[in-house]
Number of protein chains: 2
Amino acid sequence: MSRRLYELAGADAARRFSPYAWRSRRALVHKGLAFDTEPVRFTEKEKIAFSGQKRVPVLVDGARVVPDSWAIARHLDDTYADRPPLMEGVQARALTFTLAQWVQRVVHPALLPVILMDIFAVISDEDRNYFRQSRERAFGRPLEAVHRGEAGLPAFRESLAPARATLESQPFLAGETPAYADHVLAGAIDWGCNVTSLTLLAADDPVRHWYDRLPEAAPSRAADG
Amino acid sequence: MSRRLYELAGADAARRFSPYAWRSRRALVHKGLAFDTEPVRFTEKEKIAFSGQKRVPVLVDGARVVPDSWAIARHLDDTYADRPPLMEGVQARALTFTLAQWVQRVVHPALLPVILMDIFAVISDEDRNYFRQSRERAFGRPLEAVHRGEAGLPAFRESLAPARATLESQPFLAGETPAYADHVLAGAIDWGCNVTSLTLLAADDPVRHWYDRLPEAAPSRAADG
């Protein structure tokens, strides 16, 4: 059975930088499922038109088309219940959803000003017009006025304080082993690491040690699927 | 079997305002366990000296002495496994711990400047010296310089953005029914509501609707224990 994850890509198609697509990629690796990936640039929405919406990630899992990272995580646990769970039970699923809101509403907005012009630098020429227009309309300001680069790093690192405190007491956000809550936060770091050359996490930061402990998130044909 | 929760109290012993003690009170109510409460003022540490440490809450559950709200929550689930769980399984427990770090590291610090002088106003004369000295040492500034009152409300409300986003999709942080993650966040609101006359949450705030939906947190002799 073929399994394909559509991910946001830069001018160099090997550069993937959607935090949500990274969640899904990590979720597939977690489940030990084989998959390949397909790059989608901002202005290549036609590639995912079959999904009935315009955002990555989209997972095509055999005959099933699943857009949206949260729906993908639930699909993987529901469909492959015999494989390592991303979320163990209904309450863990609801709590993971709550933690994902923290990542989306607090961590992402703290990271975006650090890497905004880095994103602009790695996307294709065609994508730059789209990116500038859509983001400047949302921000109400030029990209350059929102971008802070290295000056934004302290606020980003501070936004991770709850994770840092957690990791003093347990090795992963989800406990003794990583689970979807970890992949959600890791997706934010993946996003940043794949566009910027800044050191997002200091070498002595427990969050960095946690990130380095997580399994590699490369798609694998070797895994059974 | 007797069950007693030691809680932080104001000059008026009926006023209880430790966010951590509120977590434990809500946890006991959640489990349907009967208990009474004992007020402890800041300068009445001798009342809980038997617990081997100086902080509330302390739960005395028959022969067991359990200090620390997190230890109390685990004790209640482990000891009364046949009653409604506060945390359903190991992963939910770990995720709840992570969410509790968010409450402690983000929500509490955002609320404290709103209510700091209100706390000072409701504690006993003896406690005021202790409170001012210990807090001013920690802040490195006079209480009055940290206190923001109503001016701090927007930042406090903004700190609740992840909860607000969650409650658009599910009725409680823990899913369809409230659980310990909800009690942890509710404890922060309880803390504020029991010292200030400010309206902490706007009437149309989904977080306020959630708070109003939670079970009453009064200790009950009627509950079976």
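**Quick look at the overall build of chain A**
Assigned secondary structure in chain A consists of nine helices and four strands. For 225 residues, the compact-globule estimate of 2.2 N^0.38 gives 17 Å, and the C-alpha radius of gyration of chain A, at 17 Å, lies within 12% of that figure. The principal-axis extents of the C-alpha atoms in chain A amount to approximately 50 × 45 × 30 Å. For chain A, buried positions account for 55% of its 225 residues. Taking as baseline every contact in chain A between residues at least 6 positions apart, the subset at least 24 positions apart corresponds to 69%. Of the accessible surface of chain A, which amounts to about 9600 Å², a share of 50% is contributed by carbon and sulfur atoms. Looking at chain A, you have 29 positive and 29 negative side-chain charges, and the mean spots of the two groups are 4 Å apart.

**Remarks on the interface of chain B and chain A**
Each partner contributes to the interface: chain B provides 27 residues, whereas chain A provides 27 residues. Between chain B and chain A, roughly 2300 Å² of surface is buried when both sides are summed, and carbon and sulfur atoms account for 66% of that area. It is Gln91, Leu95 and Thr98 of chain B in chain B that bury the most area against chain A; as a group they hold 27% of the surface buried on that side. The tally of links from chain B across to chain A stands at zero salt bridges. Summed over the shared surface of chain B and chain A, the number is eight residue pairs in polar contact (both at pLDDT 80 or more). Looking at the side of chain B that touches chain A, the elements with two or more residues in it are α3 (90-122) and α7 (161-167) of chain B. When residues in the side of chain B that touches chain A are grouped by element, the largest group, 13 residues, is from α3 of chain B. In the side of chain B that touches chain A, the residues fall into 17 nonpolar, eight polar and two charged.

**Considering the packing of aromatic side chains**
Scanning all chains against the criterion turns up 16 aromatic pairs over all chains. Seen in terms of ring centroids, Trp210 of chain A and Tyr211 of chain A are 6.4 Å apart; in terms of plane orientation they differ by 45 degrees. Their pairing is tilted. Connected via pairs of aromatic rings, a cluster forms that spans Phe17, Phe42, Phe120, Tyr130 and Phe131 of chain A. Taking NZ or CZ as reference, Arg25 of chain B lies 4.5 Å from the ring centre of Trp22 of chain B, over its face. Of note, Arg128 of chain B hangs over the ring of Phe120 of chain B, and the distance from its end group to the ring centre comes to 5.5 Å.

**Some details on the nonpolar core**
Formed by 138 residues in total, the largest nonpolar core has its most connected members in Phe156 and Trp210 of chain A together with Phe156 and Trp210 of chain B. Excluding residues within four positions of it along the chain, Phe156 of chain A makes contact with Val107, Ala110, Leu111, Val114, Ile189, Leu200 and Leu201 of chain A.

**Observations regarding the sheet that holds strand β1 (residues 3-8) of chain B**
Residues and elements named next belong to chain B. Reading across from one edge, β2-β1-β3-β4 is the order of the four strands in this open sheet, with mixed pairing throughout. Single-partner strands in this sheet number two, and they are β2 (36-40) and β4 (64-67). For this sheet, the mean inter-axis angle between neighbouring strands, taken without regard to orientation, is 20 degrees. Here strand β3 (residues 58-61) runs beside β4; their pairing, made up of four bridges, is antiparallel. Note on β4: the bridge partner recorded for Asp61 is Arg64. In the packing of helix α1 (residues 19-30) onto the sheet, contacts are made with β1, β2 and β3, and the angle to β1 comes to roughly 155 degrees.

**Notes on the side chain of Ser51 of chain B**
All names here are of chain B. Relative to the helices and strands, Ser51 resides in the loop between β2 and β3. Among the residues examined, Ser51 registers a relative accessible area of 13% and is labelled buried. A polar contact is formed between the side chain of Ser51 and the side chain of Gln53, at a distance of 3.0 Å. Other than its neighbours up to four places away in sequence, Ser51 contacts Val58, Val65 and Pro67.

**Some points on the relation of the copies chain B and chain A**
By a simple turn and slide, chain B fits onto chain A: the slide is 0.0 Å along the axis, the RMSD is 0.0 Å, and the turn is 180 degrees. On this basis, the relationship between the two copies can be described by a two-fold rotation axis. The rotation axis passes nearest to the C-alpha of Ala92 of chain B in chain B, at a distance of 2.3 Å. Interface residue correspondence from chain B to chain A reaches 100%, placing this contact among same-surface, isologous pairings.

**Some points on the packing of helix α3 (residues 90-122) of chain A against helix α8 (residues 180-193) of chain A**
All names here are of chain A. Relative to each other, α3 and α8 sit at 5 degrees, their axes nearing to 8 Å. Between α3 and α8, the interaxial angle falls into the category roughly parallel. Mapping the contact onto sequence places Thr96, Leu99, Ala100, Trp102, Val103, Val107, His108, Leu111, Leu112, Ile115 and Ile119 in α3 and Tyr180, Ala181, Val184, Leu185, Ala188, Trp191 and Gly192 in α8. In terms of residue class, the contact of α3 with α8 is built from 15 nonpolar, three polar and no charged.

**Quick word on unusual backbone geometry**
Residue and element names in this part refer to chain A. Omega for the bond connecting Val56 with Pro57 falls within 30 degrees of zero, at 0 degrees, which places this linkage in the cis form. For Pro57, the position within the fold is in the loop between β2 (36-40) and β3 (58-61). For Asp68, which is not a glycine, the phi torsion comes out positive at approximately 85 degrees. Residue placement: Asp68 occurs in the loop between β4 (64-67) and α2 (69-79).

Reading the values: the criteria
Residues numbered from 1 in each chain as written. Chains lettered and ligands numbered in written order. Predicted model: local features only at pLDDT ≥ 70, side-chain atom pairs only at ≥ 80, totals over all residues. Heavy atoms only, no water. Helix = DSSP H or I, 4+ residues; strand = E, 2+ residues; numbered from the N terminus. Rg over C-alpha atoms; globule rule 2.2 N^0.38 Å. Buried < 20%, exposed > 50% of the residue type's maximum accessible area, 1.4 Å probe, protein only. Contact = heavy atoms within 4.5 Å. Areas by Shrake-Rupley, 256 points an atom, 1.4 Å probe, with all protein chains shown as cover. Lys, Arg positive; Asp, Glu negative; His and termini not counted. Charge placed at Lys NZ, Arg CZ, Asp CG, Glu CD. Buried area = accessible area lost by both parts, 1.4 Å probe. Salt bridge = Lys/Arg side-chain N within 4 Å of Asp/Glu carboxyl O. Polar contact = N/O pair within 3.5 Å; in protein donor to acceptor, adjacent residues only side chain to side chain. Nonpolar A, V, L, I, M, F, W, Y, C, P; charged D, E, K, R; others polar. Phe/Tyr/Trp six-rings, centres within 6.5 Å; stacked < 30°, edge-to-face > 60°. Lys NZ or Arg CZ within 6 Å of the ring centre and 35° of its normal. Core = buried A, V, L, I, M, F, W, Y, C linked by side-chain atoms within 4.5 Å. Pairing = 2+ DSSP bridges. Axes fitted to C-alpha atoms, helices over the stretch in contact; angles between N-to-C directions. Least-squares fit on C-alpha atoms with pLDDT ≥ 70 in both. Parallel < 35°, antiparallel > 145°, perpendicular 65-115°, else oblique.

Worth remembering: the numbers are spatial, not functional.
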